[in-house]
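Read off the chains here:
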Amino acid sequence: MKRWLWNSSIVIFLIIVLLIFSSSGLAAQVCGDSKCLGQESCTTCPEDCGVCPVEEGATSTTPTTTGGTAPAPLSLTIISPEEHSTIHRRLFPIIVEGYVGKNLDSDLRVIAKSTLFGEIELLNDFDHQGSGTYGAYVVLNQSHAPGEYVIKIIGEDGSFSEKEVLITLDPNIKIELPFKESYHKGERIDLSGSLSYHDGHFHEELNASLVSLTITGPHYTFNQSIPIEASGRFSESHLISYGEPDGEWEIVLVIQDAFGNEGKKKIKTTISTLPHVAFYTVTFFSPASETEFRRTSLLPITIEVRDEMGPIPQANVTFRDPKGRLQFLQEVRQGIYSTEYAVLPDDPLGIWYLAVQAVRTINNVTRAGGNRLALTILPADTLLVLRHPLDFQFFSGQPLVFEAEFTYGDGTPVTQGSVSLVLGTKEIPLIDKGEGMYRASYLVLPEDVAADHILLKGKDLHGNIAVASPQQVTIESLSGPSLYLRLFYHLVFLRYWYLFVLGFILISFLTRDYWYRPFLQFLLKRVQEEEKKIIKMEKYTQTAYFKLHQISKEDYDQMMYTYRKRLANAHERRQRLQRLIHKR
């Protein structure tokens, strides 16, 4: 029995010793339990003990410890952009995931640096992508040059982590356009093609863009804008007029989207006339060459078409307007064709080559001819008038309402334009209120006292500019009672004068018992004085006629008739006033 108790005591003692060693770290050690215990170190278990410190002079990215409990390491994962990716100018997202240990952390400070955009702070839960996801949008536009850029991502939260990604900015737009090396007059140049960015795809940035077309020939230039379809394709054709020149043409297509990505396609082709097409002679009666016309004005066009036999009737006579649309001339008499073209407010400014062609086909034989002349399109006549205020004497503290009317020369209102008023050196924008009216409220400030003029200027959507004549202004500096009195006059009395008139009438009616009788007595006294004056003048006239013989009989009768009439009127008024006083 004693032997069994001794053996049992030994077993229990060994179990207690084993438990003690296990709790002190000499037993089982688990790497990855976020505890740096026992024989675990930065070398054997960096997950729990952190990364070992580097030698002096080297760069350390995370602080570590070699024993005890160490902070979990900070790491970054760049979601966008990808390494060695190519981008174009656009609204460009930078997206980063920030980890502490194996878990996303929302308390980090994450910064993106690059010579492309400078330095920006990335926000947690970017665009609702989740906690621990950091990001921001960068606007890349025409100011950002193409080339390779390094984007450095820096994360901080007590510890430090840094990553870099290399990208390429390629703002080129590719223009695919098939073409022929030569065309004949009367044919169409097919200008249908497609657009794509560096990746070969069409993106929505191009949806609102236009392809600019420029055709240049010998002493001839033509410009037109081509819309882009949703698929990135554009489709247009240019009918070669018989009024346009033979020779080598240069066709240039240019595209630029809203962010400044751009592309250019230049081709050359030869234009000639088929040898079997007999030419008509096309002569301009109007307009004269090198005449200037303004936008919104009427351009009269009259031509004569003839051959060696005489005027040519029933020809198809057309020209292309500055935007490339086909316009027709009507035959007004045999061989004479005419129309009026209303120059639009947004027609291109500068030189416009008016090319008119006449074509007639009889028995499958086509005869044609053409002519062209250069015109100059100038900005439209515009009228900008300041309708309010009409008085230009202001004072500091005065609230003003500036109102201007902006119209074209023909009276058409200018809508969606830009109008501003310059007061001294300060520019005040006016808001479009519709129907060509622009308005702004403004409070005159003490610093405006130095201003001595106002200038009104405006511009429509198409670049037509208007400037009104400057007006001299006087701005008085007021303060204290003078300011309040002037403000009361401008803000209250001038606005609500009718209320003051009604109030005066009402007060007069309510206080009539106090002032009416004295007022009647005052009027009676005036009438009595008038009667005495008339009687005195009668006696003076009688003396002048009967004793002094200074006036004629006719003058005497006329003067006495006037006196008696005035005296009768005064007598009637005196009696009426006496009755009214008696009633009071």
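Residues numbered from 1 in each chain as written. Predicted model: local features only at pLDDT ≥ 70, side-chain atom pairs only at ≥ 80, totals over all residues. Heavy atoms only, no water.

Participant: Even after reading the chapter, I still don't get the confidence of the model for the protein chain, so can you show me in this structure?
Facilitator: Regions with low pLDDT should not have their predicted coordinates read in detail. The share of residues in the protein chain with pLDDT of 70 or more is 86%, and the mean pLDDT across the chain is 85. For the stretch residues 19-28, pLDDT sits under 50, and the model shows four contacts to residues farther than four places along the chain or on other chains. Under a pLDDT of 50 for its full length, residues 54-68 has, in the predicted model, 20 contacts with residues more than four places off or in other chains. (pLDDT = per-residue confidence, 0-100. Contact = heavy atoms within 4.5 Å.)

Participant: What am I meant to see in the sheet that holds strand β11 (residues 182-184) here?
Facilitator: Think of a sheet as strands paired side by side through backbone hydrogen bonds, with each pair either parallel or antiparallel. Across the sheet, five strands lie side by side as β11-β19-β18-β14-β15; this open sheet has mixed pairing. Strands with a single pairing partner mark the edges of an open sheet, and in this sheet they are β11 and β15 (220-227). Geometrically, the sheet is characterised by an average inter-axis angle of 25° between neighbouring strands, direction not taken into account. Across 10 bridges, strand β18 (residues 247-256) lies against strand β19 (residues 262-272) in antiparallel orientation. The residue bridging Gly247 from the neighbouring strand is Ile271, located in β19. (Pairing = 2+ DSSP bridges. Helix = DSSP H or I, 4+ residues; strand = E, 2+ residues; numbered from the N terminus. Axes fitted to C-alpha atoms, helices over the stretch in contact; angles between N-to-C directions.)

Participant: Even after reading the chapter, I still don't get the packing of aromatic side chains, so can you show me in this structure?
Facilitator: Each pair of aromatic rings is reported with the distance of its centres and the angle of its planes. Taken as a whole and judged by the stated rule, the model has 13 aromatic pairs. Summarising the aromatic geometry, the rings of Phe319 and Trp352 are spaced 6.5 Å apart at their centres and angled 50° between planes, so their arrangement reads as tilted. With Phe319 in strand β25 (residues 316-320) and Trp352 in strand β29 (residues 350-362), this residue pair connects regions lying 33 residues apart in the sequence. For the pair Trp515 and Phe519, a centre-to-centre distance of 6.2 Å together with 70° between the ring planes defines the contact as edge-to-face. Taken as a pair, Trp515 and Phe519 lie in helix α5 (residues 512-547) at a separation of four residues, close to a single helical turn. (Phe/Tyr/Trp six-rings, centres within 6.5 Å; stacked < 30°, edge-to-face > 60°.)

Participant: Help me understand the environment of Gln521, please; the structure alone is not making it clear to me.
Facilitator: On the secondary structure map, Gln521 appears in helix α5. Considered as a pair, Gln521 and Gln578 are 57 residues apart in the sequence and their alpha carbons are 8.5 Å apart.

Participant: Help me out: how do you make sense of the nonpolar core in this one?
Facilitator: Within soluble globular proteins, side chains that are nonpolar tend to cluster in buried spots. Val419, Leu421, Leu423, Leu430 and Leu456 are the most contacted members of the largest nonpolar core, which has 27 residues in total. Broken down by secondary-structure element, the contributors of at least two residues to this core are β31 (382-388), β33 (399-408), β34 (418-423), β35 (426-434), β36 (437-443) and β37 (453-459). It is β33 that provides the largest number of residues to this core, a total of five residues. Sequence-distant contacts of Val419, defined by excluding residues within four places in its chain, comprise Leu384, Ala404, Phe406, Pro429, Leu430, Tyr438, Leu456, Lys457 and Gly458. One finds Ile189, Leu195, Leu206 and Ile271 within the second-largest nonpolar core, a separate group that totals 25 residues. (Core = buried A, V, L, I, M, F, W, Y, C linked by side-chain atoms within 4.5 Å. Buried < 20%, exposed > 50% of the residue type's maximum accessible area, 1.4 Å probe, protein only.)

Participant: Would you explain the pattern of salt bridges in this entry?
Facilitator: Pairs can form between side chains of opposite charge once their charged atoms are near each other. Counted according to the given criterion, the structure contains 17 salt bridges. Between Glu164 and Lys152 there is a salt bridge, with its nearest N and O atoms 3.9 Å apart. Here the residue Glu164 occupies a position in strand β9 (residues 159-169), and Lys152 occupies one in strand β8 (residues 147-157), the gap between them amounting to 12 residues. When its relative accessible area of 48% is taken as the criterion, Glu164 is described as partly exposed. Classification of Lys152 as partly exposed rests on a relative accessible area of 28%. (Salt bridge = Lys/Arg side-chain N within 4 Å of Asp/Glu carboxyl O.)

Participant: In this structure, what is going on with the pairing of β35? I would like to understand it.
Facilitator: Put simply, side chains in a regular strand alternate between the two faces of the sheet. Both β34 and β35 contribute to a ladder of five bridges, which runs antiparallel. Its bridge partner being in β35, Leu423 is matched across the sheet by Lys426. A loop of two residues connects β34 with β35, the two strands running antiparallel in sequence, and Gly424 in this loop sits at a positive phi of about 65°. Alignment of β35 against β36, held across three bridges, turns out to be antiparallel. Bridge pairing in β36 places Ile431 opposite Arg439. Here β35 folds back onto β36 in antiparallel fashion, the turn holding two residues, of which Glu435 has a positive phi close to 60°.

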